[in-house]
Amino acid sequence: MLGLMQDWPLLCHRIIEHAAEVHGTQEVVTRSVEGPIHRTNYRQIRDRALKVSQRLDRDGIKLGDRVATIAWNTWRHLEAWYGIMGIGAICHTVNPRLFPEQIAWIINHAEDRVVMTDLTFIPILEKIADKLPTVERYIVFTDKAHMPQTTLKNAVAYEDWIAEVDGNFKWKTFDENTAAAMCYTSGTTGDPKGVLYSHRSNVLHALMANNGDSLGANAADTMLPVVPLFHANSWGIAFSAPSMGTKLVFPGAKLDGASVYELLDTEKVTHTAGVPTVWLMLLNHMAANKLTLPHLRMVVCGGSAMPRSMIQSFLDLGVAVRHAWGMTEMSPIGTLAALKPPFAELKGEARLDILQTQGYPPFGVQMKITDDAGKDLPWDGKTFGRLKVSGPAVSKAYFRLDAEILDEDGYFDTGDVATIDAHGYMRITDRSKDVIKSGGEWISSIDLENLAVGHPAVAEAAVIGVYHPKWDERPLLIIQLKQGQSATREDILKFMDGKIAKWWMPDDVAFVDGIPHTATGKILKTALRDQFKAYSFPNAAA
Ligand code: AMP
């Protein structure tokens, strides 16, 4: 027997429609790419998103067609998202920090028909445009006054382009499983892989993100996503914030500590989300200028492991942190480290121990850890295993890639290695390809990095496994010192000694001027392995 409830497809544009009807005057504030602060609200965003839909429809963009955006977090980008999805076209967010050849590869693989972009990225696109045969036109997120001369095909200023229609248009209706958006993973090896979100998965994911123990923002709050719309589906914020009526503050092109601080302060932001690198810049700026943020209540941090010292710095400022783990293939939320009973009462180091885990999953994400043969491992907080996940917002396949990515129980292997404790708190110990295999045992490179970065002179730390004749692999600690600071190999090792098992101690420390990063801000270990290819440990003969 079927239930007698309405058939109400979970479509992304219902979210902006709800925001316009119920939270229409709620503000969306942007530091515009052109410079000035711009203010709009959810009603106007909805009205202009409808114009985007109408204009795309007039250009012949149809259900399933791909429209790329290569753009910063701005109100225009948000309008474009909803406008593209509102006619059943697919909003393909492209990460501008990729190499131009990768951007071209991705656009060609997706066969994008239209590219919407910011002034910032015109020069990159002009260089690769002749290699993009499927792109029919470029729309630049600006107005006539700021529109430059460009060789891009059929280029038009966004404001002129939407001014050609009246907005008298209705969202299209289609099955909730229709593709809504796509985002390529910035794989460190092999070609990027296209993750294809559906309307249903995005709406369900927004509901997961809205849970108080997830992103934690409500209608009375203000959220500043430093995490870009082009990074892993904006961590769902472009859907969850409007669905709750949370005020949005977009940082545009300026993500340095001073600029982010200024917006957090002037817009009285209560919640913000981004990767550790961004918070490092913010904390450095605040410390150097003795600044505080009395309105900020919550920093959501994910994308890479959040160092303990960073958690402590925010707590010292009176700001709660929510360490989160996820991945593009998971829309992206996987787990968040909220303090649930009985841990909420913990104090000091014991509290930090829980805050530093990657957290537990919201309803809608199931996890397991297995050994290499696929056998389930216990949730005892100690046993490491391959972390596998399932849920309605987890990928089951990649776009145009003929490969099985689920196990026989329908779980996706995240490529991460983790422990899970009896309360469901998960701790990432490594990427499966980065874990250091020493004498048949595993050493977590992330644990060593987190520890080393707690040394006051260390700006960033990376650990790689290097060949060792006796142990197979041993950890090499690579350090970038803070500007103007000094520390020796012995200082660093002394700082770490006693805080980890003896056999986890790095065999050597190398100092570098800079640690390479991927386009999404993660340490690029492949480049480091390459750089240290010829390295051998001083004790290698042991
Ligand atoms: P991406 O799809 O680019 O977001 O990358 C996802 C990967 O980033 C995950 O599989 C993890 O390896 C890593 N990652 C994300 N969040 C965290 C975190 N909080 N701690 C450690 N690694 C993380």
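Residues numbered from 1 in each chain as written. Predicted model: local features only at pLDDT ≥ 70, side-chain atom pairs only at ≥ 80, totals over all residues. Heavy atoms only, no water.

Draft legend 1. Local environment of the overall build of the protein. On a plain count of helices and strands, the protein comes out with 15 helices and 24 strands. Radius of gyration (C-alpha) of the protein: 23 Å, near the 24 Å computed for a compact globule of 542 residues. Principal-axis analysis of the C-alpha atoms gives the protein an extent of 75 × 60 × 50 Å. The buried share among the 542 residues of the protein stands at 58%. Taking the intrachain contacts of the protein between residues at least 6 apart in sequence as the baseline, contacts between residues at least 24 apart amount to 67%. Per element, the accessible surface of the protein, about 22600 Å² overall, is 53% carbon and sulfur. If the 55 positive side-chain charges of the protein are averaged to one point and the 63 negative ones to another, these points end up 2 Å apart. (Helix = DSSP H or I, 4+ residues; strand = E, 2+ residues; numbered from the N terminus. Rg over C-alpha atoms; globule rule 2.2 N^0.38 Å. Buried < 20%, exposed > 50% of the residue type's maximum accessible area, 1.4 Å probe, protein only. Contact = heavy atoms within 4.5 Å. Areas by Shrake-Rupley, 256 points an atom, 1.4 Å probe, with all protein chains shown as cover. Lys, Arg positive; Asp, Glu negative; His and termini not counted. Charge placed at Lys NZ, Arg CZ, Asp CG, Glu CD.)

Draft legend 2. Inspection of the state of the cysteines at higher detail. Overall, the coordinates contain 0 disulfides when judged by the stated rule. Counting only cysteine sulfurs, Cys91 is the nearest neighbor of Cys12, a cysteine outside any disulfide, at a range of 9.6 Å. We classify Cys12 as buried; its relative accessible area is 0%. With no disulfide of its own, Cys183 lies closest to Cys91 among cysteine sulfurs, the gap being 9.7 Å. (Disulfide = S-S within 2.5 Å.)

Draft legend 3. Expanded view of the site of the ligand. Neighbouring residues of the ligand: 15 residues in total, closest His323, Ala324, Thr328, Asp416 and Arg431. In this structure, Gly303 approaches the ligand through a main-chain N or O atom, which is 3.0 Å from a nitrogen atom. At 2.9 Å, a side-chain N or O of Gln358 approaches a nitrogen atom of the ligand. Considered on its own, the ligand offers 500 Å² of accessible surface; in the complex 92% of this is hidden by protein. Broken down by element, the residue count for the shell around the ligand peaks at 4 residues, all from strand 14 (residues 320-326). When its residues are assigned to classes, the shell around the ligand shows 4 nonpolar, 8 polar and 3 charged. (Near = heavy atom within 4 Å. Polar contact = N/O pair within 3.5 Å; in protein donor to acceptor, adjacent residues only side chain to side chain. Nonpolar A, V, L, I, M, F, W, Y, C, P; charged D, E, K, R; others polar.)

Draft legend 4. Geometry of the pattern of salt bridges. Summed over the entire model, instances satisfying the criterion amount to 35 salt bridges. Close ionic contact of Glu17 with Arg46 constitutes a salt bridge, the shortest N to O distance being 2.7 Å. With a gap of 29 residues between them, Glu17 in helix 1 (residues 13-22) and Arg46 in helix 2 (residues 42-58) connect regions that are remote in the sequence. Exposure class is identical for Glu17 and Arg46. Each is buried. Look at the salt bridges and you will find they share partners, linking Glu34, Arg48, Arg76, Glu79 and Glu159 into a network. (Salt bridge = Lys/Arg side-chain N within 4 Å of Asp/Glu carboxyl O.)

Draft legend 5. Structural context of the packing of helix 1 against helix 2. Between helix 1 and helix 2, the least distance of the axes is 7 Å, while the angle of their chain directions is 135 degrees. Overall, the two elements helix 1 and helix 2 adopt an arrangement that is oblique. Here helix 1 runs over helix 2; the crossing is left-handed. Residues Ile16, Glu17, Ala19 and Ala20 of helix 1 form the contact with helix 2, whose own contacting residues are Tyr42, Arg43, Ile45 and Arg46. Here the residues of the contact of helix 1 with helix 2 are counted per class, giving 5 nonpolar, no polar and 3 charged. (Axes fitted to C-alpha atoms, helices over the stretch in contact; angles between N-to-C directions. Parallel < 35°, antiparallel > 145°, perpendicular 65-115°, else oblique. Left-handed = near helix turned anticlockwise from the far one by under 90°.)

Draft legend 6. Expanded view of helix 7 (residues 199-210). Spanning 12 residues, helix 7 covers 17 Å between terminal C-alpha atoms, matching the ideal 16 Å at 1.5 Å per step. Three or more residues of helix 7 are buried, namely His199, Ser201, Asn202, Val203, His205, Ala206, Met208, Ala209 and Asn210. At its buried positions, helix 7 is contacted by helix 1, helix 3 (75-85), strand 8 (179-185), strand 9 (193-198), helix 8 (237-244) and strand 15 (333-336). (Expected span 1.5 Å × (residues − 1).)

Draft legend 7. Inspection of the environment of Thr134 at higher detail. Structurally, Thr134 is set in the loop between helix 5 (122-128) and strand 6 (137-140). Separated by 25 residues in sequence, Thr134 and His109 place their C-alpha atoms 9.8 Å apart.

Draft legend 8. The arrangement of the sheet that holds strand 16 (residues 366-370) in detail. Spatial ordering of the open sheet is given by 16-17-18-19, a layout of 4 strands whose pairing is antiparallel. The open sheet is flanked by strand 16 and strand 19 (426-431), the only strands paired with a single partner. Sheet twist, expressed as the average angle between the axes of neighbouring strands with direction ignored, equals 45 degrees. (Pairing = 2+ DSSP bridges.)

Draft legend 9. Spatial organisation of the environment of Glu349. Topologically, Glu349 is positioned in helix 12 (residues 348-355). Judged by relative accessible area, Glu349 falls into the exposed class, the value being 52%. Sequence separation of Glu349 and Gln531 is 182 residues, and the distance between their C-alpha atoms is 36 Å. Engagement of the side chain of Glu349 in a polar contact is seen with the side chain of Arg308, the distance being 2.9 Å.

Draft legend 10. Main features of the sheet that holds strand 5 (residues 114-117). Spatial ordering of the open sheet is given by 7-6-5-3-4-8-9, a layout of 7 strands whose pairing is mixed. Of all strands in the sheet, those bounded by a partner on one side alone are strand 7 (156-157) and strand 9. Alignment of strand 6 against strand 7, held across 2 bridges, turns out to be parallel. Looking across to strand 7, one finds that Val140 is bridged to Ala157. Each of strand 3 (66-70), strand 4 (90-93), strand 5 and strand 8 touches helix 3; the most contacted strand, strand 4, lies at about 140 degrees to it.

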